[in-house]
Amino acid sequence: MSVISKVAASALATRIFDIIFYFSLNEWHLLLEILAILSMILGNLIAITQTNIKRMLAYSSIGQIGYILIGIIDRNSNNGYASMITYMLFYIFMNIGTFACIVLFSLRTGTDNIRDYAGLYTKDPFSALSLALCLLSLGGIPPLAGFFGKLYLFWCGWQAGSYLLVSIGLFMSVISIYYYLKIIKLLMTERNKEITPHVQNYRLSSSISKNYIEFSMIVCVIASALLGIVMNPIVAIAQDTLF
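Residues numbered from 1 in each chain as written. Predicted model: local features only at pLDDT ≥ 70, side-chain atom pairs only at ≥ 80, totals over all residues. Heavy atoms only, no water.

A.B. asks: In this structure, what is going on with the overall build of the protein chain? I would like to understand it.
C.D. replies: A tally of regular secondary structure across the protein chain gives eleven helices and zero strands. Along the chain direction, N to C, the helices and strands of the protein chain fall in the order α-α-α-α-α-α-α-α-α-α-α. Residues classed as buried in the protein chain amount to 49% of the 243 residues present. Contacts spanning at least 24 positions in sequence make up 80% of the contacts within the protein chain whose residues lie at least 6 apart. In the form shown here, the protein chain has an accessible surface area of approximately 11,600 Å², with 68% of it arising from carbon and sulfur atoms. (Helix = DSSP H or I, 4+ residues; strand = E, 2+ residues; numbered from the N terminus. Buried < 20%, exposed > 50% of the residue type's maximum accessible area, 1.4 Å probe, protein only. Contact = heavy atoms within 4.5 Å. Areas by Shrake-Rupley, 256 points an atom, 1.4 Å probe, with all protein chains shown as cover.)

So this is what it looks like as structure tokens:
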């Protein structure tokens, strides 16, 4: 639900605005610009206040769709739509990888409270590092895929003249890094007095269902870290075949 709805809505929006509302550019541009600004600002600001990690990611996703709208507003298929599709591809892996890590932790501890992640690195370094990489990629930290996706998306928006949207997007991306790093700081704590009882009682499991989640997590983490390296072919495919 965290990614499919966004992919479907973005794909539908490109078709609707290109065909049905093709001659109403000013009207739908203004509407989408307002939605993008509200999504980026409210999504990220509300995410800061959350204590439940799933709710935090839900509001973070609202901010992410605001970035994606920048590509839809720049309706040039060689730039805007291609940048939107490229970032959406990266976002799918980043978000699913993050949720896979969270689901594993929730299944093993029964909690979604952000504070309860303190010291996870001491019990399960692989899951902690995987979650950290996905969060850093969502925040747009180089050289992860999220950085290259955002850079291309914002560059296309700037080239199209969406200076206000790109400026807000850059600022809110910095804000998002704050609450992502807050989680990573908790994960990496090593002092026993700060490690929560949930982590102290953390037990790894070899059940088949959890192995599938771990496999998907591994795939998504690798993609979140390395897809930016092959970004040019992905952009070329988006430009040449999707429109």
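A.B. asks: Can you help me understand the UniProt feature "transmembrane region" (unreviewed entry) in the protein chain in this one?
C.D. replies: Under the UniProt annotation, the feature "transmembrane region" (unreviewed entry) is placed at residues 30-49, 56-73, 85-107, 128-148, 160-181 and 212-238. In this annotation, residues 56-73 is assigned 100% helix and 0% strand; the end-to-end C-alpha distance for the span is 26 Å. Taken end to end, residues 85-107 is 100% helix and 0% strand, and its first and last C-alpha atoms sit 32 Å apart. (UniProt positions renumbered as here; feature names shortened; annotations may be inferred.)

A.B. asks: Explain the packing of aromatic side chains here, please?
C.D. replies: By convention here, two paired aromatic rings are described through the distance between centres and the angle between planes. Within this structure, the stated rule accounts for five aromatic pairs. Considering the side-chain rings of phenylalanine 105 and tyrosine 117, the 3.9 Å spacing of their centres and the 25° angle between planes classify their relative orientation as stacked. Of the two residues, phenylalanine 105 is situated in helix α4 (residues 77-109) and tyrosine 117 in the loop between α4 and α5 (120-123); the sequence distance between them amounts to twelve residues. Of the two residues, phenylalanine 105 and tyrosine 117, neither departs from the other in class, the shared state being buried. (Phe/Tyr/Trp six-rings, centres within 6.5 Å; stacked < 30°, edge-to-face > 60°.)

A.B. asks: How do you make sense of the nonpolar core when you look at a structure like this?
C.D. replies: Soluble, globular proteins show a tendency: their nonpolar side chains are buried together. Core analysis: the largest hydrophobic core is formed by 68 residues, its most contacted members being Met40, Met56, Ile72, Tyr117 and Leu135. A total of 13 residues in this core trace back to one element, the largest contributor, which is α4. Look past the residues within four positions of methionine 40 in its chain and what remains in contact with it is Gly63, Gly66, Tyr67, Ile70, Leu165, Ile168, Gly169 and Met172. (Core = buried A, V, L, I, M, F, W, Y, C linked by side-chain atoms within 4.5 Å.)

A.B. asks: Help me out: how do you make sense of the pattern of salt bridges in this one?
C.D. replies: It is possible for side chains of opposite charge to pair when their charged atoms get near one another. Taken as a whole and judged by the stated rule, the model has one salt bridge. A salt bridge links aspartate 112 to lysine 54; the shortest N-O distance between them is 3.5 Å. Residue aspartate 112 is found in the loop between α4 and α5, and its partner lysine 54 is found in helix α3 (residues 53-73); the two are separated by 58 residues along the sequence. The exposure class of aspartate 112 is buried, given its relative accessible area of 17%. (Salt bridge = Lys/Arg side-chain N within 4 Å of Asp/Glu carboxyl O.)

A.B. asks: In this structure, what is going on with the side chain of threonine 98? I would like to understand it.
C.D. replies: Here threonine 98 shows up in helix α4. There is a polar contact of 2.8 Å between the side chain of threonine 98 and the backbone oxygen of methionine 94. Each residue touching threonine 98, except ones within four places of it in the same chain, is listed here: Leu57, Leu131, Cys134, Leu135 and Leu138. (Polar contact = N/O pair within 3.5 Å; in protein donor to acceptor, adjacent residues only side chain to side chain.)

A.B. asks: Please explain helix α7 (residues 145-159) as it appears in this structure.
C.D. replies: Every α-helix carries 3.6 residues per turn, so stepping three or four residues along brings you back to the same face. Counted at 1.5 Å a residue, the expected span for α7 with its 15 residues is 21 Å, and the 21 Å between its end C-alpha atoms agrees. Two residues or fewer past α7, glycine 161 is found with a positive phi of approximately 95°. (Expected span 1.5 Å × (residues − 1).)

A.B. asks: How should the packing of α3 against helix α8 (residues 163-187) be read in this particular structure?
C.D. replies: When two helices pack together, their arrangement is captured by the angle between the axes and the distance separating the axes. In contact at an axis separation of 11 Å, α3 and α8 are set at 160° when each is read in the N-to-C sense. Our classification of the angle between α3 and α8 gives roughly antiparallel. Regarding α3 and α8, the two cross each other, and that crossing is left-handed. Here Ile53, Met56, Ser60, Gln64, Tyr67, Ile70 and Ile73 of α3 lie close against α8, whose contacting residues are Leu165, Val166, Gly169, Met172, Ser173, Tyr179, Tyr180 and Ile183. Here the residues of the contact of α3 with α8 are counted per class, giving eleven nonpolar, four polar and no charged. (Axes fitted to C-alpha atoms, helices over the stretch in contact; angles between N-to-C directions. Parallel < 35°, antiparallel > 145°, perpendicular 65-115°, else oblique. Left-handed = near helix turned anticlockwise from the far one by under 90°. Nonpolar A, V, L, I, M, F, W, Y, C, P; charged D, E, K, R; others polar.)

A.B. asks: Mind showing me how you'd approach the side chain of asparagine 52 here?
C.D. replies: Relative to the helices and strands, asparagine 52 resides in the loop between α2 (25-48) and α3. Looking at asparagine 52, its side chain comes within polar contact range of the main-chain nitrogen of arginine 55, at 3.2 Å. Ignoring any residue separated from it by four or fewer positions in sequence, one finds asparagine 52 in contact with Asp112 and Ile114.

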